[in-house]
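These are the residues of each chain, in order.
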Amino acid sequence: MKTRIKYQLLLTCLIGSCTYTTAVNPNKNHESVTIPKGYTKLVFQDEFTGKGLIENSKWNCEEGYLRNSELQYYTRERLENCYQKDGCLYIVARKDSTRINGEVRPITSASITTKGKGDWKYCRVEVRAKLPICLGTWPAIWMMPKESTYGRWPASGEIDIMEHVGYEPETIHYAIHTDSLNHKKITALARKLFV
């Protein structure tokens, strides 16, 4: 019998060639969340009601050039790239040529994850996000496996809750990637939502 995989949440803003800001949770009324029928409890929530850096108890900031030959350098705990204000999380990509660890980083952005701080086997995920309309951007909200139980990507799976590619401003992509269903084999279980 196969083991069910626990997933963690990853919020990231991928950048090609422009500076933009995207806010997660644009609901400024801070309404209480009603647990949908069939679910027994709320296990994770962040309304980003603080100021400045995100809560370390809930989120990790990734750092470096991480994946897919992206142009941006993800920064850790840098207010210019990731902060909360007025009930929103801002993930900002900047063409700022800043110096980090002794090297100039032409483009900076942020990628945050719940890895090691929250993971779920069965759950419903709700995210409210405002997306940029800008050529070269690729913001994404993913669920990644807690552990690579069945091997490296994509064998242990990936759930793309949302990806928004800047050259398709009216389209939201969502997909499930597995060893047999993935974009490298041109077999990903993927769909588009036109807005």
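Heads up: these notes are all about the structure in this document.

Now for the packing of aromatic side chains. Using the criterion set out here, one finds five aromatic pairs in the structure. On the basis of an interplanar angle of 80° and a centroid distance of 5.5 Å, the ring pair of F44 and W59 is categorised as edge-to-face. Taken together, the positions of F44 in the loop between β2 (20–24) and β3 (60–61) and W59 in the loop between β2 and β3 put the pair 15 residues apart, joining distant regions of the chain. Residue classification places F44 among the partly exposed residues on the basis of a relative accessible area of 24%. Ring geometry for Y65 and Y73: centres 5.1 Å apart, planes at 80°, overall edge-to-face. Taken together, the aromatic side chains of F44, F48, W59 and W120 make up a single cluster linked through ring pairs. The aromatic ring of F44 is capped on one face by K58, whose charged end is 5.9 Å from the ring centroid.

Once that is clear, we can look at the nonpolar core. F48, I54, W59, C61, C82, L89, I91, A110 and I112 form the largest nonpolar core, which has nine residues in total. Once residues lying within four places of it in the same chain are set aside, the contact partners of C82 are L53, I54, L89, Y90, I91, A110 and I112.

So, about a nonpolar patch on the surface. On the surface, a cluster of nonpolar side chains totalling about 260 Å² of accessible area is made up of I35, Y39 and L42. By the element assignment, I35 lies in the loop between β2 and β3. For I35, a relative accessible area of 36% translates into the label partly exposed.

Moving on, we get to the pattern of salt bridges. A full pass over the atoms with the stated rule returns nine salt bridges. Notably, a salt bridge pairs R94 with D96, separated by 3.5 Å at the nearest N-O pair. A relative accessible area of 32% means that R94 is categorised as partly exposed. Given a relative accessible area of 24%, D96 falls into the partly exposed group. For E126, the salt bridge goes to R124, with nearest N and O atoms at 2.8 Å. On the basis of relative accessible area, E126 is assigned to the exposed category, the value being 55%. A relative accessible area of 45% places R124 in the partly exposed class. In the salt-bridge network here, residues are joined through shared partners; they are R78, E80, R94 and D96.

Rules and cut-offs
- Residues numbered from 1 in each chain as written.
- Predicted model: local features only at pLDDT ≥ 70, side-chain atom pairs only at ≥ 80, totals over all residues.
- Heavy atoms only, no water.
- Phe/Tyr/Trp six-rings, centres within 6.5 Å; stacked < 30°, edge-to-face > 60°.
- Helix = DSSP H or I, 4+ residues; strand = E, 2+ residues; numbered from the N terminus.
- Buried < 20%, exposed > 50% of the residue type's maximum accessible area, 1.4 Å probe, protein only.
- Lys NZ or Arg CZ within 6 Å of the ring centre and 35° of its normal.
- Core = buried A, V, L, I, M, F, W, Y, C linked by side-chain atoms within 4.5 Å.
- Contact = heavy atoms within 4.5 Å.
- Patch = residues over 30% accessible without salt bridge, like charges linked within 9 Å, V, L, I, M, F, W, Y side chains within 5 Å.
- Areas by Shrake-Rupley, 256 points an atom, 1.4 Å probe, with all protein chains shown as cover.
- Salt bridge = Lys/Arg side-chain N within 4 Å of Asp/Glu carboxyl O.

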